[in-house]
Amino acid sequence: MKKILLHKALPAASAAALLFASAGTAHADLTDPSNYLAGVGSSSYSVMNTANTAATVVATYYNPDGTVAASQTLPSLPSRGRADVALSSVSGLPSNWVGSVVLGSDQDIVAVAVTSYTGRNPVPDSAITPSGTEASAYDALNAGATRLYAPALFRVPAPPNDNVEGRQVTRFTIQNTTGSTAAYTITYRSRNGIIVGTQTGTLAPFASRTINTRINSDVPSGVFGPSNTSGFSAEIESDQPLAGVSETSTSIGSGSVLANWTGDHTLLTPVSAATRLFSPAAFRLCPNTPAAQADCANYTTIAAYYTSFLQYSSFQLQNTTGSVANVTVDFIFRPTGLISHTLNFTIPAFSGYGINLFNGGSVPLTSPLFPALGGRFQGSIRVTSDQPLVGVGNIDFPVNFSAGSYNLIGDSDATNTIFVPRFDRVCPLNTPAACNPGFLGNFNSVSAVQVMNVGTSAVTLNSLQLYNSSGTLVHTITALPSGGALTLNPGAALGLNLFNGGDFAVSGNLSPTILTAISNNFTGTLVINGPPGARLKAVVEWRDGNRAMDVYNAFNR
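If you're wondering where the values come from, they're calculated on a predicted model, not measured in any experiment.

Residue-level pLDDT values for the chain average 87, and 86% of them are 70 or greater. Considering only residues more than four positions removed or in separate chains, one finds that residues 1-31, a stretch of pLDDT under 50, has 164 contacts.

Below is the structure:
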């Protein structure tokens with residue numbers, strides 16, 4: 001199961017360290033006897049060298065009790081190059097290993113972890129071929145923190161006549177990133193900010209603990225009270241820096257709605273709490289046919305039209321303070337860069353608020369937000385608050401029953417350069433007929449990036465550079481297929497999708513210029529370059545055909 005991001009003091013020769021949780025190959029989900037929500041996980045990670053000099057990378061693998069399970073030195077990693085490591089290939093790790101990984105290097109590196117799941121009960125996602133599969137992806141951390149936020153925890157039981165044990169559950173892991181014993185306290189709050197339980201514990205040096213909302217004994221009894229059987233949050237405080245990751249599994253198997261997915265994100269730190277948050281990805285997309293658009297406009301009975309949606313976004317916000325937060329959210333339409341709608345609301349002290357562009361969440365379906373966005377909205381959101389907030393974003397794809405999670409981003413660490421350590425287009429059949437947008441299932445790995453201008457002035461990107469795993473520059477993008485500049489208004493976003501092009505599509509497919517450069521067997525990295533002073537952020541979608549997907553946050557440097 002997935003573990004957590006951690007930090008280890010490195011030898012003097014090491015100039016950089018990355019912390020992240022890895023996943024093992026098995027689950028122990030005691031209240032999931034039919035294995036609807038679990039399965040077997042197989043993990044790997046991708047590490048990218050962002051420096052101009054080749055990097056030496058040492059990986060240390062820690063057991064949950066903090067002892068070292070194995071270590072290895074990776075092959076020399078060239079500038080802009082990428083190394084992929086499957087845990088099943090690491091000498092010294094047993095087949096059922098779970099734990100965490102620390103990467104130390106003499107150069108600056110970034111990394112992302114991916115876990116692919118198989119073997120889940122295929123009933124919920126029987127509409128998918130093959131069934132019982134999903135994946136998770138999340139970014140490595142550079143450091144821990146003495147306070148962590150988990151704003152999106154779930155325990156949603158299924159009704160008695162349903163064919164799954166639980167609709168939605170979360171497990172999250174906290175890990176000690178230091179060589180000293182850590183004492184921690186976890187405070188759980190309901191969505192309305194009321195404390196529903198606390199727990200304390202200690203972690204040995206570099207040790208970790210996973211808490212699963214599926215297991216009653218993992219959390220205080222009050223958390224699962226009758227008034228709090230769905231969404232809640234947690235705040236973790238410790239006397240040593242910790243790191244963390246959260247994974248939510250969702251299974252819906254009623255009527256015509258068949259879905260089974262997971263979404264991961266790193267736990268948020270006080271640096272992440274901000275009065276301005278952003279998501280480069282915001283969607284409410286239905287097929288562009290009169291019937292589908294009519295379905296997606298039936299706001300009061302929208303639950304009946306889940307499978308009418310191609311793609312939609314949701315967002316969970318948490319007020320980190322004891323004061324009421326006054327919040328506005330601007331929904332910015334990508335094709336024009338203009339605001340389609342502004343939503344105004346308040347979040348009580350320590351409370352949560354959800355915006356779901358399918359069923360509303362905390363937003364009434366009678367809100368003018370939904371007709372303002374309609375059924376063809378694609379863009380970004382900008383959240384402004386008078387109190388610091390943290391948040392998580394989600395992208396759901398009902399059409400092929402997959403979803404992903406990522407952290408909403410502040411602008412404090414925004415820069416003009418972004419690194420993406422895992423960026424792929426792999427279609428083994430390698431023919432135009434087999435690798436066009438009508439055949440997502442033929443792709444083993446495909447990526448998309450959404451880059452956003454979080455500054456207050458318009459920005460024209462200098463370039464998007466695609467490198468292969470050896471660090472060789474294979475293509476540079478400096479303009480849209482139309483020849484237009486890569487200009488982003490404040491709050492606006494731009495997408496490059498190596499499957500169908502995104503904003504770099506020609507006749508519904510990836511631009512021929514890009515496709516010729518990378519072909520159908522591209523595994524590499526991406527560097528986004530803006531002018532000096534630009535403030536950019538990005539999130540990345542990784543997909544295994546129509547079998548699995550997740551989203552991770554890109555890296556600013």
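After that view of the structure, there is still more to cover.
The full count for this structure, using the stated rule, is 13 aromatic pairs. Look at Tyr-61 and Trp-97: their rings are 6.1 Å apart centre to centre, the planes differ by 80°, and that puts the pair in the edge-to-face class. Taken together, the residues Tyr-61 in strand S3 (residues 57-62) and Trp-97 in the loop between strand S5 (82-86) and strand S6 (100-105) connect sequence positions 36 residues apart. Classification of Tyr-61 as buried rests on a relative accessible area of 0%. What makes Trp-97 buried here is its relative accessible area of 6%. Residues Tyr-306 and Phe-358 carry aromatic rings whose centres are separated by 5.4 Å and whose planes lie at 75° to one another, so their mutual orientation is edge-to-face. On the criterion of sequence distance, the pair formed by Tyr-306 in the loop between helix H1 (290-296) and strand S17 (311-319) and Phe-358 in the loop between strand S20 (352-356) and strand S21 (360-361) is long-range, its members being 52 residues apart. Assigned by exposure class, Tyr-306 and Phe-358 land together as buried. An aromatic cluster of at least three residues, connected via ring pairs, comprises Tyr-306, Phe-309, Tyr-312 and Phe-358.

If you walk through the whole model with that rule in mind, you get 12 salt bridges. One salt bridge in this structure joins Asp-108 and Arg-557, with 2.6 Å as the shortest N-O distance. Here Arg-557 lies in the segment after strand S37 (555-556) and Asp-108 lies in the loop between S6 and strand S7 (109-118), a separation of 449 residues in the sequence. Residue classification places Asp-108 among the partly exposed residues on the basis of a relative accessible area of 26%. For Arg-557, a relative accessible area of 33% translates into the label partly exposed. Between Arg-171 and Glu-247 there is a salt bridge whose closest N-O contact spans 2.5 Å. With Arg-171 in strand S10 (residues 166-176) and Glu-247 in strand S14 (residues 231-252), this residue pair connects regions lying 76 residues apart in the sequence. Linked by salt bridges that have partners in common, Arg-82, Asp-84, Arg-422 and Asp-424 make up one network.

Taking burial as the measure, the 5 residues of strand S30 (residues 493-497) include 5 buried ones, the bulk of the element. Counting the residues that bridge the hairpin from S30 to strand S31 (residues 501-502) gives 3 residues.

This model, assessed by the stated rule, comprises 2 disulfides. Between the sulfur atoms of Cys-286 and its disulfide partner Cys-296 the distance amounts to 1.8 Å. Between Cys-286 and Cys-296, the disulfide has an S-S torsion of -95° and is therefore left-handed. Taken together, the residues Cys-286 in the loop between strand S16 (274-285) and H1 and Cys-296 in helix H1 connect sequence positions 10 residues apart. For Cys-427, the disulfide goes to Cys-435, at an S-S distance of 2.1 Å. Across the S-S bond of Cys-427 and Cys-435 the torsion is about -85°, and the bridge reads as left-handed. Owing to a relative accessible area of 1%, Cys-427 belongs among the buried residues under this scheme. With a relative accessible area of 3%, Cys-435 lands in the buried category. If you count the bonded cysteines of the chain from the N-terminus, they pair up as 1-2, 3-4.

The subject of this paragraph is the nonpolar core. One finds Val-420, Phe-423, Val-449, Leu-461, Leu-496 and Ile-528 to be the most contacted residues of the largest nonpolar core, which totals 43 residues. Counting residues per element, this core draws most heavily on strand S35 (residues 536-544), which supplies 4 residues. Beyond its immediate sequence surroundings of up to four residues, Val-449 is in contact with Val-420, Phe-423, Leu-494, Gly-495, Leu-496, Leu-526, Ile-528, Ala-538, Val-539 and Val-540. Of all hydrophobic cores here, the second largest spans 34 residues; its members include Leu-317, Phe-345, Leu-357 and Met-549.

A separate point is the sheet that holds strand S2 (residues 40-49). Strands in a sheet are paired, the pairing made by backbone hydrogen bonds, and the direction either parallel or antiparallel. Spatial strand order, S5-S2-S7-S8: 4 strands in an open sheet with antiparallel pairing. Of all the strands in the sheet, the pair left with one neighbour each is S5 and strand S8 (134-139). Across the sheet, the axes of successive neighbouring strands diverge by a mean angle of 20°, strand direction being ignored. Looking at chain direction, S7 and S8 are connected through 6 bridges and run antiparallel. Within S8, the position partnered with Ser-116 by the bridge is Ala-135.

Moving on: unusual backbone geometry. Not every positive phi belongs to a glycine, and Arg-80 is a case in point at roughly 65°. One can find Arg-80 in the loop between strand S4 (68-73) and S5. A positive phi is found at Phe-350, a non-glycine position, where the angle reads about 60°. Take Phe-350: it is sitting in the loop between strand S19 (338-347) and S20. Given the relative accessible area of 24%, Phe-350 is considered partly exposed.

Definitions and limits used
Residues numbered from 1 in each chain as written. Predicted model: local features only at pLDDT ≥ 70, side-chain atom pairs only at ≥ 80, totals over all residues. Heavy atoms only, no water. pLDDT = per-residue confidence, 0-100. Contact = heavy atoms within 4.5 Å. Phe/Tyr/Trp six-rings, centres within 6.5 Å; stacked < 30°, edge-to-face > 60°. Helix = DSSP H or I, 4+ residues; strand = E, 2+ residues; numbered from the N terminus. Buried < 20%, exposed > 50% of the residue type's maximum accessible area, 1.4 Å probe, protein only. Salt bridge = Lys/Arg side-chain N within 4 Å of Asp/Glu carboxyl O. Pairing = 2+ DSSP bridges. Disulfide = S-S within 2.5 Å. Core = buried A, V, L, I, M, F, W, Y, C linked by side-chain atoms within 4.5 Å. Axes fitted to C-alpha atoms, helices over the stretch in contact; angles between N-to-C directions.

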